[in-house]
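Observations on the three-dimensional arrangement
Here are the chains, one letter per residue:
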Amino acid sequence: MTTRLSALGTVPVVSAIGVAVVGAAGRMGSTVCEAVEAADDLELVARVDAEDDVAGLAAVGASVGVDFTVPAAVEDNVHALLDAGLHAVVGTTGWTEESLGRVRDHVERLNAERSDGLGVVIAPNFALSAVLAMRFAAQAARYFESAEVVELHHPNKVDAPSGTALATARHIAGARRDAGRGDVPDATETQIDGARGAVVDGVHVHAVRLRGLVAHEEILLGNPGEQLTIRTDSFDRVSFMPGVLLAVREVARRPGLTVGLDQMLDL
Ligand SMILES: NC(=O)c1ccc[n+]([C@@H]2O[C@H](COP(=O)([O-])OP(=O)(O)OC[C@H]3O[C@@H](n4cnc5c(N)ncnc54)[C@H](O)[C@@H]3O)[C@@H](O)[C@H]2O)c1
Ligand SMILES: O=C(O)C1=N[C@H](C(=O)O)CCC1
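Computed from a prediction, not measured in an experiment: that's the story for all the values here. (Residues numbered from 1 in each chain as written. Chains lettered and ligands numbered in written order. Predicted model: local features only at pLDDT ≥ 70, side-chain atom pairs only at ≥ 80, totals over all residues. Heavy atoms only, no water.)

Along the chain, Thr168 turns up in helix α5 (residues 163–178). For Thr168, a relative accessible area of 0% translates into the label buried. A distance of 2.8 Å separates the side chain of Thr168 from the side chain of Glu217, its partner in a polar contact. (Helix = DSSP H or I, 4+ residues; strand = E, 2+ residues; numbered from the N terminus. Buried < 20%, exposed > 50% of the residue type's maximum accessible area, 1.4 Å probe, protein only. Polar contact = N/O pair within 3.5 Å; in protein donor to acceptor, adjacent residues only side chain to side chain.)

What follows deals with the site of ligand 1. Near ligand 1 lie 23 residues; those nearest to it are Arg27, Met28, Asp49, Thr93 and Phe126. Interatomic distance of 3.1 Å between a backbone N/O atom of Gly26 and an oxygen atom of ligand 1. Contact distances for ligand 1 include 2.4 Å between an oxygen atom and a side-chain N or O atom of Asp49. If ligand 1 stood free it would expose 860 Å²; the protein chains cover 81% of that surface. Of the pockets mapped on this structure, ligand 1 occupies the largest pocket. Among the residues making up the shell around ligand 1, the classes are represented as 11 nonpolar, eight polar and four charged. (Near = heavy atom within 4 Å. Areas by Shrake-Rupley, 256 points an atom, 1.4 Å probe, with all protein chains shown as cover. 1 Å grid on protein atoms, 1.4 Å probe; cavity = no way out; pocket = protein on both sides within 12 Å on 5 of 7 lines; lining within 4 Å. Sits in = over half its atoms within 2 Å of the grid points. Nonpolar A, V, L, I, M, F, W, Y, C, P; charged D, E, K, R; others polar.)

As a further point, take the sheet that holds strand β6 (residues 87–90). Spatial strand order, β4-β3-β5-β6-β7-β13: six strands in an open sheet with parallel pairing. Bordering the open sheet on either side are β4 (42–48) and β13 (256–259), each of which pairs with just one other strand. Here the strands of the sheet are splayed against their neighbours by 20° on average, with no regard to which way each runs. Bridge analysis of β6 against strand β7 (residues 119–122) gives three bridges, and the strand direction is parallel. Across the sheet, Val90 pairs through a bridge with Ile122, a residue of β7. Set on the sheet, helix α1 (residues 27–38) makes contact with β3 (17–22), β4 and β5 (64–67); between it and β4 the angle comes to about 155°. Of the strands in this sheet, β7 and β13 touch helix α3 (residues 97–111), which is tilted by about 145° from β13. (Pairing = 2+ DSSP bridges. Axes fitted to C-alpha atoms, helices over the stretch in contact; angles between N-to-C directions. Contact = heavy atoms within 4.5 Å.)

With that settled, the discussion passes to the site of ligand 2. The full set of residues close to ligand 2 is Thr93, Pro124, Asn125, His153, His154, Lys157, Asp159, Ser162, Gly163, Thr164, Ala215 and Phe240. A distance of 2.6 Å separates an oxygen atom of ligand 2 from a polar side-chain atom of Lys157. Measuring from an oxygen atom of ligand 2, one finds a backbone N or O atom of Gly163 at 2.8 Å. Alone, ligand 2 offers 310 Å² of accessible surface; in the complex the protein occludes 84% of this. Taking a 2 Å distance to the grid points as the criterion, the majority of the atoms of ligand 2 fall inside the largest pocket.

Encoded structure:
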């Protein structure tokens, strides 16, 4: 918080949060830049892309770095943002338990030496419809014998399955385990490789890449004689922006690592 002299004397003025966008030239990064520029309480202080250095971002007024880059670069970027003294909001996919663990250790090590804790928010999907779909799927999973996930995306997506589908499958698997459910029924004996999709924690995940799509997911849950389908569609990347901006505004209040936007919503 800063102060400003006015006709009424010295009044507190809440400073805008300085935001640096990493991957700023990309599909998501450029949309985040527009959203930050349109928000009164945020200030876009840097657009960073491949080959740019993040070390000097604090000096140009950045307190939060937002990363939408590529799975191969994201972990190094987050460590570099933390070393530069920035909070990090991360939408890039490709995380594993191991890479999340290294970021958790790093931020906790830094925070042990700081009075103001740094925060990192990593979410595979910032769209409300997707966050709710994941939550509903996890709630429903215990009641159904069968569960499969179909994700459908634009053909320029570099990873498959999507980070959202991986998280959804893991949540479903966890709920099934907690409920004491065994394997999903599947009598397939012969198949062409890949025909049954990838298997994530025992849940089959199918990836469609199709011109015209943005980001979509269906969770199929089946019992004898009935089916529940949960579907989320992002038709436009603006769907991710309320979640990204929420995380940018909240990350400084959450020292350490937060995984998933659901952790920041009152669900
Ligand atoms: N969490 C979410 O809600 C959400 C939503 C959409 C996309 N994503 C994920 O975000 C990521 C980016 O998606 P996209 O469609 O914007 O990709 P994109 O290819 O359009 O953009 C990636 C950008 O990152 C840049 N880049 C690559 N390496 C870099 C580095 N080392 N440092 C800085 N910049 C670098 C590229 O030059 C490019 O401009 C993907 O992992 C995607 O799955 C997440
Ligand atoms: O367009 C993408 O790429 C997306 N990536 C995320 C994922 O892998 O789940 C979120 C949806 C869009």
